[in-house]
Amino acid sequence: MCERSNIQDETGDSELINELLQNIFPEEQGYFTVPMGGGKFTVICPVGSESDMEDIKSMAELIHDTLLSEIMISACVSIGTLSTSLRELDKSYANALTAAEVGTVFEMSQRCYSYGSLGIYRLVYELDTATCIQFLKETLGSEFFRDKSGPELLTTLRAFLDNNMNISEASRALYIHRNTLLYRMEKFNKLTGLDAAQFDDGVRIRMACIVIKFLEKKAPEELLSYIA
């Protein structure tokens with residue numbers, strides 16, 4: 001089996017990057033580095049089984065860190081899917097490109113993006129704009145978007161969920177008083193009818209935050225039209 005990693009750089013140092021990648025992944029060990037044009041490179045890696053994917057992820061991080069430390073290039077590195085034949089390599093490369101796009105759209109913090117580990121972000125990325133808008137209508141409602149404090153409330157709720165629904169940790173993360181956070185949560189609850197402290201509502205709120213981030217990047221005009 002083979003797995004394909006994509007490296008994208010916009011600095012124009014293609015020859016330098018290609019040489020560095022070939023040094024890290026020599027052909028004698030079964031690796032192939034292929035310039036794809038437009039500042040993109042792909043590294044085809046031999047994989048024995050799906051359990052080797054952790055090693056592939058480590059290699060992808062090695063690519064990112066080496067390019068940054070050796071030639072001061074911060075590249076976007078993404079991982080496609082396993083291929084059992086040469087015919088499937090194109091699909092693996094396409095999936096690696098999708099992983100890079102998803103990671104960039106949602107501003108994910110990983111050093112590299114793996115197509116198989118994108119989870120809910122990939123699910124939202126594949127939704128059409130109309131479905132996303134409808135979800136926001138059903139989840140947050142129009143009254144929430146009419147309120148000028150909406151963005152601030154969402155930031156607060158996101159911090160609350162990011163900190164495992166811990167009031168103290170969330171308030172510290174936002175540099176606000178505990179009572180301020182509780183006030184914002186109560187206001188959010190009144191506007192939306194949702195309670196972030198309840199698991200099901202918390203999931204819906206988390207989804208809404210991800211959908212809004214997606215629309216801000218991919219369909220800002222449609223989002224603004226709905227908010228207005």
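S.K.: I tried to follow the overall build of the protein chain on my own but got confused; where do I start?
M.R.: Assigned secondary structure in the protein chain consists of eleven helices and five strands. Across its three principal axes, the protein chain shows a C-alpha extent of roughly 65 × 35 × 35 Å. Within the protein chain, the fraction of its 228 residues that count as buried is 43%. Long-range pairs, those at least 24 residues apart, make up 64% of the contacts in the protein chain with a sequence separation of at least 6. Charged side chains in the protein chain number 21 positive and 34 negative. The centres of these two groups are separated by 10 Å.

S.K.: Before we go on, may I ask you to explain the pairing of strand β4 (residues 76-83) in this structure?
M.R.: Successive residues of a regular strand alternate their side chains across the two faces of the sheet. β4 sits mainly inside the fold: six of its eight residues count as buried. Relative to strand β5 (residues 112-114), β4 is paired through three bridges, and the arrangement is parallel. Its bridge partner lying in β5, Val77 is registered against Cys112. Of the crossover connections in this fold, the one passing from β4 over helix α3 (residues 89-105) to the parallel β5 is left-handed.

S.K.: Help me understand the layout of surface pockets in this model?
M.R.: To locate leftover empty space, one rolls a probe as large as a water molecule over the atoms. Counted as a void, the largest pocket has a volume near 490 Å³. Mapped by element, the contributors of at least two residues to the lining of the largest pocket are α6 (141-146), α7 (150-162), α10 (199-218) and α11 (220-227).

S.K.: Quick question: what am I supposed to make of the nonpolar core here?
M.R.: Soluble globular proteins: nonpolar side chains tend toward being buried together. With 43 residues, the main nonpolar core has Phe106, Leu136, Leu140, Phe144, Phe188, Ile205 and Leu215 as its most contacted residues. Contributing elements (two or more residues each) for this core: α3, α5 (129-139), α6, α7, α8 (167-174), α9 (178-192), α10 and α11. Looking at which element gives the most residues to this core, the answer is α10, with nine residues. Within the second largest apolar cluster, 21 residues are counted, among which are Ile7, Phe25, Tyr31 and Cys45.

What counts as what
- Residues numbered from 1 in each chain as written.
- Predicted model: local features only at pLDDT ≥ 70, side-chain atom pairs only at ≥ 80, totals over all residues.
- Heavy atoms only, no water.
- Helix = DSSP H or I, 4+ residues; strand = E, 2+ residues; numbered from the N terminus.
- Buried < 20%, exposed > 50% of the residue type's maximum accessible area, 1.4 Å probe, protein only.
- Contact = heavy atoms within 4.5 Å.
- Lys, Arg positive; Asp, Glu negative; His and termini not counted.
- Charge placed at Lys NZ, Arg CZ, Asp CG, Glu CD.
- Pairing = 2+ DSSP bridges.
- Right-handed = clockwise from strand over helix to strand, strands pointing away.
- 1 Å grid on protein atoms, 1.4 Å probe; cavity = no way out; pocket = protein on both sides within 12 Å on 5 of 7 lines; lining within 4 Å.
- Points joined across faces, edges and corners; volume = space filled by probe spheres on them.
- Core = buried A, V, L, I, M, F, W, Y, C linked by side-chain atoms within 4.5 Å.

Shape descriptors only; they carry no functional weight alone.
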